Amino acid sequence: MDDHHIKLLLKILLVFLSGGRASEGARVFTIVNYCKTTIWPGITPGDSFDGGGFALKPGESAVFTAPVGWIGRIWGRTGCDFDSDGSGSCQTGACGSALKCGASGQTPATLAEFTLAPLDFYDVSLVDGFNLPVTLTPVNARGGNCSAAGCDGDLRENCPSDLAIKVDGETVACRSACDVFNTDEYCCRGAFGNPDTCRPTYYSEIFKQACPGAYSYAYDDPTSIFTCTDADYIVSFCSNFKSKKQKVQRVCTYHINKLVCSASPGRASSIWKWLVVLLLCFTSLWSSL
Ligand SMILES: *[C@@H]1O[C@H](CO)[C@@H](O)[C@H](O)[C@H]1NC(C)=O
């Protein structure tokens with residue numbers, strides 16, 4: 001076997017040991033709609049995300065790559081009606097009349113927030129209210145307290161009536177107490193403008209109960225913010241509908257043409273991985289003879 005083939009073998013082994021990752025400067029986002037109805041994700045800044053907005057039918061997913069340095073938010077819009085020019089309206093989350101969002105969405109909306117850096121920070125926030133269940137699942141990560149953020153719980157079902165936004169008698173979103181009552185206590189302003197004085201309230205506790213892994217008020221950091229090194233992310237809307245049908249659900253995404261999944265793939269798949277390595281080694285040996 002000559003030098004060239006030894007190098008090739010080492011390269012193959014390295015790629016497999018590193019999990020197949022070649023690019024450290026970007027994160028892959030897979031946005032999945034498990035809801036029973038079409039949603040229109042909105043993203044700002046949206047340059048890496050199809051211009052910041054698109055329709056996603058039930059069961060569909062969309063994959064994007066965002067560079068490290070991207071600081072942005074992803075939310076879902078519901079009940080939209082856009083014309084062929086991408087102009088229209090939504091029941092919740094609208095960014096003006098545009099399909100492709102150049103600005104934040106209208107509250108109330110569940111927000112997925114990201115700061116992509118060597119150590120990513122991410123969270124789901126209900127500080128601006130709730131319109132859809134959102135779960136963020138990191139995959140292929142290396143460090144940080146890298147676990148799922150957000151929740152499956154649907155706050156529309158137990159939204160206090162003074163916060164509910166209804167369309168035809170059906171609650172389509174739940175406003176924040178700050179938005180409705182506009183007091184310093186609910187908005188964590190003035191004398192309540194720091195983590196010692198701004199405490200959970202009757203309303204924020206209802207939010208936290210429905211969604212333990214998300215910000216229920218502005219200073220809810222300790223249980224709501226997460227960090228990951230070099231992860232990719234799956235942003236799932238309404239993943240509760242999925243889990244009712246299937247008990248153990250792995251969410252998968254393509255990363256540099258390689259399928260990676262959120263849960264531990266288990267023994268079966270690592271055997272496959274090593275079989276592929278062996279096969280590649282043999283092929284390489286064979287061609288060098
Ligand atoms: C994760 O780590 C960050 C940074 O150290 C910390 O602020 C946050 O509270 C941690 N999150 C959880 C849920 O433990």
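Reading the values: the criteria
Residues numbered from 1 in each chain as written. Predicted model: local features only at pLDDT ≥ 70, side-chain atom pairs only at ≥ 80, totals over all residues. Helix = DSSP H or I, 4+ residues; strand = E, 2+ residues; numbered from the N terminus. Buried ≥ 20, exposed ≤ 12 C-beta atoms within 10 Å, placed from the backbone. Contact = placed C-beta atoms within 7 Å. pLDDT = per-residue confidence, 0-100. Near = placed C-beta within 6 Å. Nonpolar A, V, L, I, M, F, W, Y, C, P; charged D, E, K, R; others polar. Pairing = 2+ DSSP bridges. Axes fitted to C-alpha atoms, helices over the stretch in contact; angles between N-to-C directions. Core = buried A, V, L, I, M, F, W, Y, C linked by C-beta atoms within 7 Å.

Asks: Describe the overall build of the protein, with residues and values.
Replies: Helix and strand counts for the protein come out as six helices and 16 strands. Across the 289 residues in the protein, those meeting the buried criterion constitute 39%. For the protein, restricting intrachain contacts to residue pairs at least 6 apart in sequence, the fraction spanning at least 24 positions comes to 61%.

Asks: Go over the environment of Cys80, please, and point to the residues and values.
Replies: Within the secondary structure layout, Cys80 lies in the loop between strand S4 (71–77) and strand S5 (81–82). Distance in space between the C-alpha atoms of Cys80 and Gln91 is 6.3 Å, their sequence separation being eleven residues. In this structure Cys80 touches Trp40, Gly88, Ser89 and Cys90, once residues within four positions along its chain are discounted.

Asks: Tell me about the confidence of the model for the protein, and name the residues and values.
Replies: Confidence in the prediction of the protein, expressed as mean pLDDT, is 85, and 75% of residues score 70 or more. Long-range and interchain partners of residues 11–22, a stretch whose pLDDT sits below 50, account for 13 contacts in this model, where long-range means more than four residues apart. Counting contacts from residues 264–268, a segment whose pLDDT is below 50, to residues more than four positions away or on other chains yields one contact.

Asks: Please provide a residue-by-residue account of the site of the ligand, values included.
Replies: If you check the shell around the ligand, you find Asn145, Asp221, Pro222, Thr223, Ile225, Phe226 and Thr227 and nothing else. Broken down by class, the residue content of the shell around the ligand amounts to three nonpolar, three polar and one charged.

Asks: Could you give an account of the sheet that holds strand S1 (residues 26–33), with specific residues and numbers?
Replies: Strand order in the open sheet made by the five strands is S3-S1-S14-S9-S10, with mixed pairing throughout. Of all strands in the sheet, those with a lone pairing partner are strand S3 (61–67) and strand S10 (149–150), marking the two edges. As judged from the two bridges shared by strand S9 (residues 134–139) and S10, these two strands associate in the antiparallel manner. Residue pairing for S10: Leu136 is matched across the bridge by Ala149.

Asks: Account for the sheet that holds strand S13 (residues 225–228), with residues named and values stated.
Replies: The strands making up a sheet are joined through hydrogen bonds of the backbone, oriented either antiparallel or parallel. A sheet is described by the order of its strands in space; here five strands give the open sequence S2-S4-S7-S8-S13, paired in antiparallel fashion. In this open sheet, the two strands that pair with only one neighbour each are strand S2 (40–44) and S13. If you compare each strand with its neighbour and ignore which way they point, the axes differ by 20° on average. As paired strands, strand S7 (residues 111–115) and strand S8 (residues 120–125) are joined by five bridges and run antiparallel to one another. Each bridged residue has a counterpart across the sheet, and for Thr115 the counterpart in S8 is Phe121.

Asks: Requested: an account of the pairing of S8, with residues and values cited.
Replies: Among the six residues in S8, five count as buried, and that is most of the element. Linking two consecutive strands that pair antiparallel, namely S7 and S8, is a turn of four residues. One ladder, built from four bridges, connects S8 with S13; its direction is antiparallel. Across the sheet, residue Asp120 finds its bridge partner in S13, namely Cys228.

Asks: Residues and numbers for the nonpolar core, please.
Replies: Ranked by size, the top nonpolar core spans 63 residues in total, and within it Ala112, Val235 and Phe237 carry the most contacts. Those residues in contact with Ala112, other than ones at most four positions away along the chain, are Arg73, Ile74, Trp75, Val124, Val134, Leu136, Gly150 and Val235.

Asks: Just give me the short version of unusual backbone geometry, but keep the residues and values in it.
Replies: Note the cis peptide between Thr44 and Pro45, where omega equals -15°. Mapped onto the elements of the fold, Pro45 is located in the loop between S2 and S3. Even without glycine at this site, Asp50 takes up a positive phi of about 55°. A tally of 15 C-beta atoms within 10 Å means that Asp50 is categorised as partly exposed. Phi at Asp230 is positive, roughly 60°, even though this residue is not glycine. Following the sequence through the fold, Asp230 ends up in the loop between S13 and strand S14 (232–237). By C-beta crowding, Asp230 is classed as buried, having 21 other C-beta atoms within 10 Å.

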